[in-house]
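# Observations on chain architecture
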Amino acid sequence: PRLSRAFGGRRFAEVVALLYRDIGCTLFAVEIEDVEGVNRVVLFPCDYVLPDNATPKVFIICNDAKDADVASNYKIMSEEPAAAPLFNGFDDDLDSFGDMEGSEDSEGSRAPLVDEDPALLHSADALERFRAMFHTNDDPMDLNDMPESFESMEKHVLVCGSWDVVHHLVATLRAKHIAESELLKVVILNPSKPSPAEWADLVRFKHVYFVQGSPLEPKDLVRSGIRGISKAVILPNQYAIEGDDDEAERYLVDADTIFAYQSIMKVKTDEVFIVCELVNADNISFLMTDEMNREWRPANPREVEMQPHFAGGRVYVNSVLDKLTCQAFYNDHLFRILRELIVNMSMTHRFHDPKVQSAQLQFILVPEQFHGKVYANLFNHLVVKDGLLPLGVYRVSATEEYSYGCSIPYVITNPQHDMILSRADFVFVLCSSQNPAAAAAVAATVASLHARPTK
């Protein structure tokens, strides 16, 4: 929607807090014109002051279209609010505001809208842009010089599956906003060698290695450093991606992925976080344990969103992409938003206002003072005081002193305002890399993750 012009002259973070307090919506991005005259989607520009008498296009997480319309038709009162806020307990430093009367013109002037330029064009400018977006390798290793074994490597990511999508996965792990000291090494285990072009794309990223072998063979898993991995990603093979219309074949397309999952679980004796991409959502059941089947009984077992592995971020199903494609037909900004969340291409763009800084997606621990408090209190504190925007909560497994969780972790996007938090929870936030509060929160989270194992 377009934001009410009544918010003109206010900081973006202030508007975020006001909308959440009154109607429970999370405003997380805005469209801003850059120096080249192109409108860019910018994630949570905390200190950006909205122009007077303007109706910028914004992006909001809300329950339905009616809530989004409220943001467009909002009228801020200069004195006291005409209606009580939706949530109590917010800080008093927010200006009073209130009723939702009047209407705003949904039209507004805008610069031409274009897609971001491809990041990997063969030109000097594109190469500089690539280096600005990703951690690059100054001394790429020739594939023939690659060691045959990484058995002693620790805390790395093991990637198995088709070469077609490995490059895109590795790119998300090498985004520039990730501190270089926190980069996880990536070992790719595949029966076939990459083509020269595929390896040229991969070797541009830092700390990427290759082992020729099969994830179904324990000896190959050992050579890839299976005993020291922190995470594993299993992608479908090319045959599964191409698919088959036969009913029986639909259940067999994920056979290699499922067998690789079971093989890693057997060789890696201690717990490891494994993410699988499945072509057929019905095959999630083959990854479920007896305990999960007893604890999770969704009303409709075919609802992927209600499956524990999906809710916990351990399974990606191709049907999700079908849904996104359909939604993109009605919302042409959807893929641009996803691109910003995953890679953050706005970091390479320049804007007229120096305060425009696109935020990055980070992962922080719930501050100790919010243990046992409601989510709305944390939301207001992070937005108003620290300049961080919460998007969701990662709820860890239940323990003796922490009873809110379940047998495996799961993610809650835009939680209910009265959800009780625990010191064991984590929060997905948008924050600027220049924000000292964000840097402190991320550092504390990293120290906590190193100090204790998480699932």
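Nothing here was measured: the structure is a model prediction, and the numbers come from that model. (Residues numbered from 1 in each chain as written. Predicted model: local features only at pLDDT ≥ 70, side-chain atom pairs only at ≥ 80, totals over all residues. Heavy atoms only, no water.)

### Some thoughts on the sheet that holds strand β8 (residues 273-278)
Where we set the bar: Any two strands with at least two DSSP bridges between them are considered paired. Each helix is a run of DSSP H or I of at least 4 residues and each strand a run of E of at least 2, with the numbering of both proceeding from the N terminus. Angles run from 0 to 180 degrees between N-to-C directions of axes, and those axes are lines fitted to C-alpha atoms, restricted for helices to the stretch in contact. Between two residues, a contact is recorded if the distance between any of their heavy atoms is within 4.5 Å.
Pairing is parallel across the open sheet formed by six strands, whose spatial order is β6-β5-β4-β7-β8-β9. Of all the strands in the sheet, just β6 (208-212) and β9 (315-317) have a single pairing partner and so form its edges. Strand-to-strand twist of the sheet, defined as the mean angle between neighbouring strand axes without regard to direction, takes the value 15°. Both strand β4 (residues 157-160) and strand β5 (residues 186-190) contribute to a ladder of four bridges, which runs parallel. Residue pairing across strands places C160 opposite L189, the latter belonging to β5. Across the sheet, helix α4 (residues 166-173) is in contact with β4, β5, β6 and β7 (231-234); its angle to β5 comes to roughly 165°.

### Regarding the pattern of salt bridges
Condition: Here, a salt bridge means any side-chain nitrogen of Lys or Arg that lies within 4 Å of a carboxyl oxygen of Asp or Glu.
Per the stated rule, a full pass over the model turns up ten salt bridges. In this structure, D47 and R11 form a salt bridge, with 2.8 Å as the shortest nitrogen-oxygen distance. Of this pair, D47 sits in the loop between β2 (39-43) and β3 (58-61) while R11 sits in the segment before α1 (12-23), and the two are 36 residues apart along the sequence. A salt bridge links D220 to R223; the shortest N-O distance between them is 3.1 Å. Of this pair, D220 and R223 both sit in helix α6 (residues 218-223), three residues apart, which is roughly one turn of that helix.

### Here we look at the confidence of the model for the protein
What counts here: Each residue carries a pLDDT score, the predictor's own confidence in it, on a scale running from 0 to 100.
For the protein, per-residue confidence averages 79 on the pLDDT scale, and 77% of positions sit at 70 or higher. In the model, residues 77-86 has pLDDT below 50 throughout and makes 18 contacts with residues more than four positions away in sequence or in other chains. Below a pLDDT of 50 lies the segment residues 91-122, which in the model reaches 95 contacts outside its immediate sequence neighbourhood of four places, other chains included.

### Describing α1
Condition: By this rule the span expected of a helix is its residue count minus one, scaled by 1.5 Å. Exposure classes here rest on a 1.4 Å probe applied to the protein chains alone. A residue is buried below 20% of its type maximum, exposed above 50%, and partly exposed in between.
Across its twelve residues, α1 extends 16 Å between first and last C-alpha, which sits within 8% of the 16 Å expected from 1.5 Å per residue. The buried count for α1 comes to twelve of twelve residues, which makes it a mostly enclosed element. All of the buried residues along α1 are F12, A13, E14, V15, V16, A17, L18, L19, Y20, R21, D22 and I23. On its buried face, α1 sits against β1 (26-33), α2 (65-72), α14 (375-386) and β11 (389-395). In the segment just after α1, G24 is the residue with positive phi, at about 75°.

### Focus on the environment of Y316
The residue Y316 is located in strand β9 in this model. Overall, Y316 belongs to the partly exposed group, its relative accessible area being 32%. Placed 81 residues apart in sequence, Y316 and L235 show a C-alpha to C-alpha distance of 9.5 Å. Filtering out sequence-adjacent residues up to four positions away, Y316 remains in contact with C276, E277, L278 and L321.

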